[in-house]
Amino acid sequence: VNTEPTTHRTGNVIFIHPDGAGLNAWNAARMYWVGPDAMLAWDQLPKMAVYRGHMADRLTGTSNGGATVHAFGYKVQGSGSYGKDGGGDEEAGRDIFARSGYAGSIMREAANAGYPVGVVNDGDVAEPGTGVFLAEVDDRDESDEIVHQILHGRSGFEDDAKPVVVLGGGERFFLPVDAPLCEDEIRADCHLHIDPVNGRGPAREDSRNLIQEAIDAGYDVIRTRDEFDALMGKLEADETYAPTVLGLFAADDIFNDKPEEVIIELGLFDESVDSESKEGNLILWGGLPGTFSYDPPAPHEMMEMALIILERHSRALEKPFFLVAEVESTDNLPNNANSIGALRALQHADKLIGVARDFQAR
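Residues numbered from 1 in each chain as written. Predicted model: local features only at pLDDT ≥ 70, side-chain atom pairs only at ≥ 80, totals over all residues. Heavy atoms only, no water.

Below, the discussion takes up the environment of Ile-309. Looking at the element boundaries, Ile-309 is found in helix H9 (residues 299–317). The contact partners of Ile-309, leaving out residues within four places of it in the chain, are Val-164, Val-165, Leu-235, Pro-243 and Val-245. (Helix = DSSP H or I, 4+ residues; strand = E, 2+ residues; numbered from the N terminus. Contact = heavy atoms within 4.5 Å.)

Of note, Ser-207 is a non-glycine position whose phi angle comes to about 70 degrees, a positive value. Relative to the assigned elements, Ser-207 resides in the loop between strand E5 (165–169) and helix H6 (210–216). Judged by its relative accessible area of 60%, Ser-207 falls in the exposed class. A positive phi angle, close to 60 degrees, is found at Glu-318, a residue other than glycine. By the secondary structure assignment, Glu-318 is in the loop between H9 and strand E8 (322–327). Classification of Glu-318 by relative accessible area gives exposed; the value is 67%. (Buried < 20%, exposed > 50% of the residue type's maximum accessible area, 1.4 Å probe, protein only.)

Two elements in contact, helix H1 (residues 23–33) and helix H11 (residues 339–361), have axes whose closest approach is 10 Å; the angle formed by their N-to-C orientations is 90 degrees. Our classification of the angle between H1 and H11 gives roughly perpendicular. Where H1 abuts H11, its residues Ala-25, Trp-26, Ala-28, Ala-29, Tyr-32 and Trp-33 lie against Ile-340, Leu-343, Arg-344, Leu-346, Gln-347, Ala-349, Asp-350 and Ile-353. Taken together, the residues of the contact of H1 with H11 sort by class into eleven nonpolar, one polar and two charged. (Axes fitted to C-alpha atoms, helices over the stretch in contact; angles between N-to-C directions. Parallel < 35°, antiparallel > 145°, perpendicular 65-115°, else oblique. Nonpolar A, V, L, I, M, F, W, Y, C, P; charged D, E, K, R; others polar.)

For the structure shown, the criterion picks out one disulfide. Two residues, Cys-182 and Cys-190, share a disulfide whose sulfurs are 1.9 Å apart. Judged by the torsion about the S-S bond (95 degrees), the Cys-182/Cys-190 disulfide is right-handed. You can call Cys-182 buried: its relative accessible area is 4%. The class for Cys-190 is buried, based on a relative accessible area of 0%. (Disulfide = S-S within 2.5 Å.)

Attention now goes to the sheet that holds E8. Judged by pairing direction, the sheet is parallel, and its six strands sit side by side in the order E1-E8-E4-E5-E7-E6 without closing on themselves. Both outer strands of the open sheet, strand E1 (13–18) and strand E6 (219–222), are each paired with one neighbouring strand and no more. Across the sheet, the mean angle separating the axes of adjacent strands is 10 degrees when strand polarity is ignored. In this structure, E6 lies alongside strand E7 (residues 244–248), joined through four bridges in parallel fashion. Following the sheet pairing, Tyr-219 is matched in E7 by Thr-244. (Pairing = 2+ DSSP bridges.)

Below, the structure is given as structure tokens:
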């Protein structure tokens, strides 16, 4: 990658991680959505390579260990590693360095060198596939601490440069447990989203309101489809507008990773959609109609917004940007035996790849 660009389009890095999606998954997606002889955006990637994904202590990868390998270029233990080597089960992980020797991930190294960075995830923003690029903890379940580090910097590195854009789920990890539900008015001191599958709400035990802290730090915070569309409208209307943005579109993951029969039992289906269509009418991303969680932005839409924002910061700074985008639903939905969910997640991932390819071609 050229790190001294002659234009703002040179040297940018977009790392896309459709979690858990192997060759068999892409073959199934192609056959279902476009036919076996057609081409997905994934098929049109100019080069492909296979790498060995085993961990230092096991033959199969893990979300957190694999993400740490991606972020640091260092093969770690599979179990507890989250920006560290080892950890979990009350064991402290060992601090590691990026392959360059920098004390942090490749994204932290880029951000602290002045490059604009951002992350996109249809899981919660503490999900390892993106969170590991910005946070270093001893256990992947430390979601409160992970989102704190994403927003404010790592422990001992409080001068870490903040990401320009963070889009995903995980509102519950930004608000204290006693935060009330927003009724008629959207405010920073109340929560909009309740997990439609598990009923979970705010989770922070330290009484901190990281949504308000994000606003105080200069972020535009968006949490609904209407707010997303309004911000996109402002970006399209004013080519000089370059905000820093935190988007939180669900209490936890944006998707509902349960088997199809459970989704039906919970009443998570949209009667306005034809149940016989290829997509079906199950609500697998977001909540019921009439709630703040309904119709959240899809991964490729979040990618479009992130690229606009990052490109504008890149142009102003005259440095390339670094974006990491994960489609976590490609892992969780098939793990929960939800076949149409798996296929729709792969469709989301393919559209996200298409957005990246379109950006590259402009």
